[in-house]
Amino acid sequence: MTAVTEVQSTIGTLRREVCALHAELTRYQLVVWTAGNVSARVPGHDLLVIKPSGVSYDDLTPENMVVCDLEGRVVDGQHAPSSDTEAQAYVYREMPQVGGVVHTHSTYATAWAARAEPVPCVLTMGADEFGGEIPVGPFAVIGDDSIGRGIVDTLRGSRSPAVLMQNHGVFSIGPTARAAVKAAVMCEDVARTVHVSRQLGAPVPISQPQVDALFDRYQNVYGQR
Ligand SMILES: [Zn+2]
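Remember, it's a predicted structure, so these values are computed and weren't measured experimentally.

(A) Molecular detail of the UniProt feature "domain: Class II aldolase/adducin N-terminal" (unreviewed entry) in the protein chain. Sites flagged by UniProt as "domain: Class II aldolase/adducin N-terminal" (unreviewed entry) map to residues 16–195. Annotated as residues 16–195, this span is 37% helix and 19% strand, and its ends, taken at the C-alpha atoms, are 35 Å apart.

(B) Seen up close, helix 5 (residues 146–156). Looking only at helix 5, the buried set comprises Ile147, Gly148, Gly150, Ile151, Val152, Thr154 and Leu155. For helix 5, the elements touching its buried residues are helix 2 (85–94), strand 6 (136–137), strand 7 (162–165) and strand 8 (169–174).

(C) Main features of the environment of Gly54. Tracing the backbone shows Gly54 in the loop between strand 2 (47–50) and strand 3 (66–69). By C-beta crowding, Gly54 is classed as exposed, having 12 other C-beta atoms within 10 Å.

(D) Structural context of the nonpolar core. Counting 59 residues, the largest nonpolar core has Leu48, Val49, Val91, Ile151, Leu164, Ala184 and Cys187 as the members making the most contacts within it. Of the residues forming this core, the biggest block, 11 residues, is contributed by helix 6 (residues 177–200).

(E) Expanded view of the pairing of strand 5 (residues 100–104). Where burial is concerned, most of strand 5 is hidden: 5 out of the 5 residues are buried. Because side chains alternate across strand 5, one face comprises the buried residues Gly100, Val102 and Thr104, and the other comprises Val101 and His103, equally buried. Pairing geometry for strand 1 (residues 37–42) and strand 5, over 4 bridges, is antiparallel. By the bridge assignment, Asn37 is partnered in strand 5 with His103. Examined bridge by bridge, strand 5 and strand 8 share 5 bridges and lie antiparallel to one another. Across the sheet, the residue bridging to Val102 is Ser172, located in strand 8.

(F) Representation of the pairing of strand 7. The alternating pattern of strand 7 places Ala162 and Leu164 and Val163 and Met165 on opposite faces, both of which are buried. Here strand 6 pairs with strand 7 via 2 bridges, running parallel. Along strand 7, the bridge assignment pairs Val136 with Leu164. In terms of strand pairing, strand 7 meets strand 8 through 4 bridges, oriented antiparallel. What sits directly across from Met165, in strand 8, is Gly169. In this antiparallel pair of consecutive strands, strand 7 and strand 8, the connection spans 3 residues, and Asn167 shows a positive phi of 60°.

(G) Quick look at unusual backbone geometry. In the Ramachandran plot, Gln29 falls in the positive-phi region, its phi being about 55° despite a non-glycine side chain. Its place among the elements puts Gln29 in the loop between helix 1 (3–27) and strand 1.

(H) How the structure looks around the sheet that holds strand 4 (residues 74–76). If you trace the 8 strands from one edge of the open sheet to the other, you get 4-3-2-1-5-8-7-6, paired in mixed fashion. Each edge of the open sheet is held by one strand with a lone partner, namely strand 4 and strand 6. In this structure, strand 1 lies alongside strand 2, joined through 4 bridges in antiparallel fashion. Bridging from a neighbouring strand, Ala40 pairs with Val49 of strand 2. Packing against the sheet, helix 2 makes contact with strand 1, strand 2, strand 3, strand 5 and strand 8, and its axis sits at approximately 140° to strand 2. Against the sheet, helix 5 engages strand 6, strand 7 and strand 8, with an angle of about 130° to strand 7.

(I) Broad picture of the packing of helix 3 (residues 107–114) against helix 6. Running from amino to carboxyl end, helix 3 crosses helix 6 at an angle of 70°, the nearest separation of the two axes being 7 Å. Relative to helix 6, the element helix 3 lies roughly perpendicular. Once helix 3 is placed against helix 6, the crossing between them reads as left-handed. On the side of helix 3, the interface is formed by Tyr108, Ala109, Ala111 and Trp112, while helix 6 contributes Cys187, Glu188, Ala191, Arg192 and His195. Considering only residue class, the contact of helix 3 with helix 6 consists of 6 nonpolar, 1 polar and 2 charged.

(J) Inspection of the environment of Val18 at higher detail. Positionally, Val18 belongs in helix 1. We classify Val18 as buried; it has 25 C-beta atoms within 10 Å. In this structure, the C-alpha to C-alpha distance between Val18 and Val42, residues 24 residues apart in sequence, is 11 Å. In this structure Val18 touches Val38, Ser39, Ala40, Val49, Met65 and Ala177, once residues within four positions along its chain are discounted.

Thresholds, definitions, all that
- Residues numbered from 1 in each chain as written.
- Predicted model: local features only at pLDDT ≥ 70, side-chain atom pairs only at ≥ 80, totals over all residues.
- UniProt positions renumbered as here; feature names shortened; annotations may be inferred.
- Helix = DSSP H or I, 4+ residues; strand = E, 2+ residues; numbered from the N terminus.
- Buried ≥ 20, exposed ≤ 12 C-beta atoms within 10 Å, placed from the backbone.
- Contact = placed C-beta atoms within 7 Å.
- Core = buried A, V, L, I, M, F, W, Y, C linked by C-beta atoms within 7 Å.
- Pairing = 2+ DSSP bridges.
- Axes fitted to C-alpha atoms, helices over the stretch in contact; angles between N-to-C directions.
- Parallel < 35°, antiparallel > 145°, perpendicular 65-115°, else oblique.
- Left-handed = near helix turned anticlockwise from the far one by under 90°.
- Nonpolar A, V, L, I, M, F, W, Y, C, P; charged D, E, K, R; others polar.

Here it is in structure tokens:
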């Protein structure tokens, strides 16, 4: 294959993957209406594939996904890209290890974000997935780099693949778009369980050495080898 057809084939695969992953957002009830989105980096190219803006989940197709450069400008697509494209492009520019970004306003996680309170690490699942608390990022509004900068500044100093942007919602990252979707699903699940636990009393923290051991085991040993 020539270089051009190779990148076109990669983009075609990513259009299908990114489109299909949106079904996980609705399956796990992380989104309502058209809020929330998934994007993927095109490996080896300064490009990303993202959901079109304002198109309902039932109407998403591989063809209406939008390809943008890492400044958020449309390179290929019939629709305007998600309004979160600039923030996600900023993350891809600043964090080369990131291959996927997800954004949701999932209810429980966003309830913690509304109070600017990190979700404490009181579940083994929290230690496994997030390596500690799920951190809070700054208040930021669409229109400049401030959302992207807030995500990157918070996640760079954390083992967590998810950040609760204050008064807004969840941004999650991963080496692939699928991993970023998993982080968004687990973030909501941990936020919900810790919330319920709080209603019953004071959750018991997990000691830092235990958190470190759980995180290390889950990240390096767990699963199919
Ligand atoms: Zn949002």
